[in-house]
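Each chain, letter by letter, is given below.
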Amino acid sequence: MKLPEGRLLRSRVVEDPRTVLVDALDRELTGYAVFEPQDALLLEASGRGVVTFRAGVPVVAYHTGTDRAGPPALADLAAAGPFRLRLFALAPADLEAVHDRSTFRIPPGMAAERLAGDPALADRTRAAAPPDRPADAVGPAGDSVGAADGDDGGTGERQPGAVEAFLDDAEKIEAIREQARAEAAERADEWGFDDVA
Amino acid sequence: MVEAFAVASGKGGTGKTTSTLALGMALSEEYDVTVVDADMGMANLLFHAGLAEVETTLHDVLVAGGAPVAAAVYERHGMDVVPCGTNLADFEAADPARLREVVATLAADTDVLLLDSAATLSSRAAVLPVVLADRVVVVLEPTIPALSDGLKVQEYAASYGTETAGILFNKVRDADAIERIAPKAERYFEGPTLATVPASDRVRAARRNGRPLLAHAPESEPARAYREAAATLTVRDGDSGAVADRFRSAVLPESP
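As a starting point, this report considers the structure included with it.

About the cut-offs
Residues numbered from 1 in each chain as written. Chains lettered and ligands numbered in written order. Predicted model: local features only at pLDDT ≥ 70, side-chain atom pairs only at ≥ 80, totals over all residues. Pairing = 2+ DSSP bridges. Helix = DSSP H or I, 4+ residues; strand = E, 2+ residues; numbered from the N terminus. Axes fitted to C-alpha atoms, helices over the stretch in contact; angles between N-to-C directions. Contact = placed C-beta atoms within 7 Å. Buried ≥ 20, exposed ≤ 12 C-beta atoms within 10 Å, placed from the backbone. Expected span 1.5 Å × (residues − 1).

### Here we look at the sheet that holds strand β3 (residues 74-76) of chain B
Residues and elements named next belong to chain B.
Then, in step 1: With respect to topology, eight strands assemble into an open sheet ordered β3-β4-β2-β5-β1-β6-β7-β8, the strand pairing being mixed. Because the sheet does not close on itself, it has two edges, and the strands there are β3 and β8 (193-198). The mean angle between the axes of side-by-side strands here comes to 25°, regardless of whether they run parallel or antiparallel.
Then, in step 2: In this structure, β3 lies alongside strand β4 (residues 79-82), joined through three bridges in antiparallel fashion. Paired with Tyr74 across the strands is Val81, a residue of β4.
Then, in step 3: The strands that helix α1 (residues 16-27) touches are β1 (3-8), β2 (33-37), β4, β5 (112-116), β6 (135-140) and β7 (163-172); relative to β5, the one it contacts most, it runs at about 170°.
Then, in step 4: Along the sheet, helix α11 (residues 221-232) contacts β7 and β8; its crossing angle with β8, the most-contacted strand, is approximately 175°.

This is the structure:
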């Protein structure tokens, strides 16, 4: 996915992708966000996640490490925080070519609902979506998803939703589990739980 | 017999307290159930159970020379409920390590102990209920952060010798998607999907009314789902005395 660099609006490390989505929506950003994971343990799935926005509403997602687009790309960039985040502003015309690729598209509320786990933000994002994106149209055939869903349903067998794609990534899940086990063992010492386990 | 379950999620807002009380009420049709608000830093069970005005709470039991456990036990909706106060100074004065003695005492006289746990894994007090429980019920939402945090809870629990009894999907908005998501999640969790609970305004209304969901809207879809979860959960026979001894002998440091 090729995009002009645009004007850098913000560059910082964030823990939670929600911050980015709120920021983009509040600014009514037309442009894109680049998520670069900072966590060495999860860097096996290296690469960057890119989400584009039109007037603050997410339009397409792509991951450079896995070369996946659409909802699976959201899963690829999930759970790998903290992120180095950069937000860029672009002219709407610069995004047209990328926004025309239906397989890259994500439903307006999906990132907020499934990536950030924030239904209220998802509702706010869907409300801000233009009328030409009704009912979270997604998928190669433009399948319609119920407006309340924001994910998964209606994408059929052809394209799994972000949560499914996350669960399909056994390596990433194992990395999360391994990291939690290491943390738990480390804290058992710290907290004096070692005799309990 | 007694089995202690920690109801945990690792992430806030998944509806743990609603789930704890709902599971408790559903299980109380068959068992003697005691519900404890073990989320000592951010207690809210008292609001859900209509106990906001009570005098004695878990905090009063956990301070040095504090009240006996029995003084903080309230019979509500067919269960014994032990609420926790919301005063931060009380929380700071309380010694979470005393929780094991509280749990041991309660275990002697009940079939099922449900510990409503903190929505974080970042402190000893927060993790303690997961350590003390026999098994953990992981409350999830069908979102990536909730699943990711739920997996962390499971790993912490397993590291401290606590098994996973099952997972519970809460606030489900898309029935079709959950049918695909739940089986995939089950690959990574040690227990079965106990139920998928639909998102519903009835849950919020119950909370506003200070009543557990199963008392406020017993015929609602989410209430039905919780009853299904309770029926799926097989409570194991544990010897009450042995369980109490285990809690008492759990080796924990003396101060936070």
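### Details of the environment of Val36 of chain B
All names here are of chain B.
Then, in step 1: By the element assignment, Val36 lies in strand β2.
Then, in step 2: In this structure Val36 comes out as buried when scored by C-beta crowding, with 30 C-beta atoms within 10 Å.
Then, in step 3: Between the alpha carbons of Val36 and Ser117 there is a distance of 8.9 Å; along the sequence they are 81 residues apart.
Then, in step 4: Leaving out residues up to four positions away in the same chain, Val36 has contacts with Leu58, Val82, Leu106, Leu113, Leu115 and Asp116.

### Section: the sheet that holds strand β3 (residues 49-54) of chain A
Residue and element names in this part refer to chain A.
Then, in step 1: Spatially, six strands are ordered β1-β6-β2-β3-β4-β5 in an open sheet, and the strand pairing comes out antiparallel. Whereas interior strands pair on both sides, the edge strands pair on one side only; in this sheet they are β1 (7-14) and β5 (68-69).
Then, in step 2: Sheet topology note: the β1/strand β6 (residues 83-89) ladder contains seven bridges and is antiparallel. Each bridged residue has a counterpart across the sheet, and for Arg12 the counterpart in β6 is Leu85.
Then, in step 3: Contacting β3 and β4 (57-63), helix α3 (residues 92-99) runs over the sheet at an angle of about 120° to β3.

### Concerning α1 of chain B
Residue and element names in this part refer to chain B.
Then, in step 1: Between the first and last C-alpha of α1 there are 16 Å, a value that for 12 residues agrees with the 16 Å anticipated at 1.5 Å per step.
Then, in step 2: Most of α1 sits inside the fold, with 12 of its 12 residues counted as buried.
Then, in step 3: Within α1, burial applies to Lys16, Thr17, Thr18, Ser19, Thr20, Leu21, Ala22, Leu23, Gly24, Met25, Ala26 and Leu27.

### Here's the deal with the environment of Leu27 of chain B
Residue and element names in this part refer to chain B.
Then, in step 1: On the secondary structure map, Leu27 appears in helix α1.
Then, in step 2: With 25 C-beta atoms counted inside 10 Å, the residue Leu27 sits in the buried group.
Then, in step 3: Residues Leu27 and Ala177, 150 residues apart in the sequence, show an inter-C-alpha distance of 28 Å.
Then, in step 4: Setting aside residues no more than four positions away along its own chain, Leu27 makes contact with Val33, Val112 and Ala230.

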